Amino acid sequence: MDTTLEFLQPFKPHSIGLIDSEYPIFQENLEEYSQEDSRPCTLEERGVLDMKYKEEAVNYWKSGKTKRLSVELVQKRFEEVNSLRQLYRWEKSLEKDAGGNE
């Protein structure tokens, strides 16, 4: 049994080249990239939000008399809340942590 591979064309290593920043196309792409993501990071993206903040946000969200409060209302008090999905993730995370502490 033959265990070697046979290629139709011989292997040719790639050459290495330097990109000169004087190329106009490179400058245009660089400017587009820097403008595209110019918004500042949120505290959550930097990993700074603590569990207390998340717990307060989730408890406030769940504090409605008959149903949960809207995301827009929660965002007025807790600016780091971005979406309903995020609130559900935080709720699940808090429940998991509470279950491990018992």
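To be clear, the structure that these remarks concern was listed above.
What counts, and at which threshold
Residues numbered from 1 in each chain as written. Predicted model: local features only at pLDDT ≥ 70, side-chain atom pairs only at ≥ 80, totals over all residues. Heavy atoms only, no water. Helix = DSSP H or I, 4+ residues; strand = E, 2+ residues; numbered from the N terminus. Buried < 20%, exposed > 50% of the residue type's maximum accessible area, 1.4 Å probe, protein only. Contact = heavy atoms within 4.5 Å. Areas by Shrake-Rupley, 256 points an atom, 1.4 Å probe, with all protein chains shown as cover. Core = buried A, V, L, I, M, F, W, Y, C linked by side-chain atoms within 4.5 Å.

### Description of the overall build of the protein
- If you tally the helices and strands in the protein, you get four helices and zero strands.
- The helix and strand sequence of the protein, counted from the amino end, reads α-α-α-α.
- Across the 102 residues in the protein, those meeting the buried criterion constitute 19%.
- For the protein, long-range pairs separated by at least 24 residues make up 48% of all intrachain contacts whose partners lie at least 6 apart in sequence.
- When the accessible surface of the protein is totalled, it reaches about 9,500 Å², and 53% of it is carbon and sulfur.

### Description of the nonpolar core
- The biggest cluster of nonpolar side chains holds 14 residues, and the ones touching the most others in it are Val 74, Phe 78, Val 81, Leu 87 and Trp 90.
- Elements with a contribution of two residues or more to this core: helix H2 (51-61), helix H3 (71-77) and helix H4 (84-101).
- With five residues, the single largest contributor to this core is H2.
- In this view, Val 81 contacts Ala 57, Val 71, Val 74, Gln 75, Gln 86, Leu 87 and Trp 90; residues no more than four positions away in its chain are not counted.

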